[in-house]
Amino acid sequence: MLFAHDTECSLVAAAGLVNTAGPDREGLPDVAALDDFVASHGWTGRHEHTDGELVEVRTLRPRLRRIWYADTDEVVAIVNGLLRESHALPQLIRHDDEPYHVHAVPRDAPLATRMAVEAAMALADLVRMGELSRLRICDHPDCDNVLVDLSRNRCRRFCDAGCGNRAAVSAYRARKAASHP
């Protein structure tokens, strides 16, 4: 583990949330999809299961996506804005059989607020450690997904949407075509 467990989970969840939006897809089309997303990333605390909550979470995505394209100063501005707007007050807590970790807003804060603050806190760790280069865009030419490279040797190039497999198949076919005149 390169970072604290909660930092890694928050970074992966932030990338996952960003990747639910795309030019030709909506990964959170309804409340049920949001429920699945919340469950798959282990979010606890308040979750209203409403269209209003869904809209708030969707609204957060472009702001988080910007972080993957921004320089350090802009990332800091976004992170500080998210924390300031949410009135974040970091505290150590323990719940759900998890060890102590940092929460900066109460568990009954709105889901979108908690998502924003958890992402901001995790990103603050990356900034402090000089590790923003771990935030990447998928290398597959037909993909605009974001990813967090948590590998020790910083070698991750593709997102979790199968792009690595597609790239390997394309490379294999290109080698085969090149070997047969």
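Residues numbered from 1 in each chain as written. Predicted model: local features only at pLDDT ≥ 70, side-chain atom pairs only at ≥ 80, totals over all residues. Heavy atoms only, no water.

1. A word on the overall build of the protein chain
Helices and strands together make up the secondary structure of the protein chain, namely 6 helices and 6 strands. In sequence order, the secondary structure elements of the protein chain are arranged as α-β-β-α-α-α-β-β-α-β-β-α. A principal-axis box enclosing the C-alpha atoms of the protein chain has dimensions of 65 × 35 × 35 Å. Within the span of the protein chain, comprising 181 residues, buried residues form 40% of the whole. For the protein chain, long-range pairs separated by at least 24 residues make up 52% of all intrachain contacts whose partners lie at least 6 apart in sequence. Surface accessibility of the protein chain: about 10,100 Å² in total, with carbon and sulfur atoms responsible for 54%. Looking at the protein chain, you have 22 positive and 27 negative side-chain charges, and the mean spots of the two groups are 8 Å apart. (Helix = DSSP H or I, 4+ residues; strand = E, 2+ residues; numbered from the N terminus. Buried < 20%, exposed > 50% of the residue type's maximum accessible area, 1.4 Å probe, protein only. Contact = heavy atoms within 4.5 Å. Areas by Shrake-Rupley, 256 points an atom, 1.4 Å probe, with all protein chains shown as cover. Lys, Arg positive; Asp, Glu negative; His and termini not counted. Charge placed at Lys NZ, Arg CZ, Asp CG, Glu CD.)

2. A short note on helix α2 (residues 31-40)
Three or four residues apart is the spacing at which side chains of an α-helix point the same way, because the helix has 3.6 residues per turn. Within the sequence span of α2, burial applies to V31, A33, L34, F37 and V38. Down the axis of α2, the buried set is contained in an arc of 155 degrees. They therefore lie on one face. The exposed residues of α2 that point more than 90 degrees off its buried face are D36, A39 and S40. The secondary structure elements touched by the buried residues of α2 are α1 (5-18), α3 (51-69) and α5 (111-129). (Arc of directions from axis to C-beta.)

3. Side note on the nonpolar core
If you look at the biggest cluster of nonpolar residues, it comprises 43 residues, and the most contacted ones within it are L64, W68 and M115. For this core, the secondary structure elements donating two or more residues are α1, α2, α3, α4 (72-85), α5 and β6 (146-148). In terms of residues, this core owes the most to one element, α5, which gives 10 residues. Once you skip the residues sitting within four places of it in the chain, W68 turns out to touch A14, A15, V18, L135, R136, I137, V146, L147 and V148. (Core = buried A, V, L, I, M, F, W, Y, C linked by side-chain atoms within 4.5 Å.)

4. Quick word on the state of the cysteines
A full pass over the atoms with the stated rule returns 0 disulfides. Here C138 is not cross-linked by a disulfide; its sulfur's nearest cysteine counterpart is in C163, at 3.7 Å. In this structure C143 is not part of a disulfide, and its nearest cysteine sulfur, from C163, lies 3.7 Å away. (Disulfide = S-S within 2.5 Å.)

5. Digging into the confidence of the model for the protein chain
Residue-level pLDDT values for the protein chain average 92, and 99% of them are 70 or greater. Here helix α6 (residues 163-179) stands out as the least confident element of the protein chain, with mean pLDDT 77; α3 is the most confident, with 98. (pLDDT = per-residue confidence, 0-100.)

6. Observations regarding the environment of D142
Looking at where D142 falls in the secondary structure, it is placed in the loop between β5 (135-137) and β6. Between the C-alpha atoms of D142 and D96, which are 46 residues apart in sequence, the distance is 40 Å.

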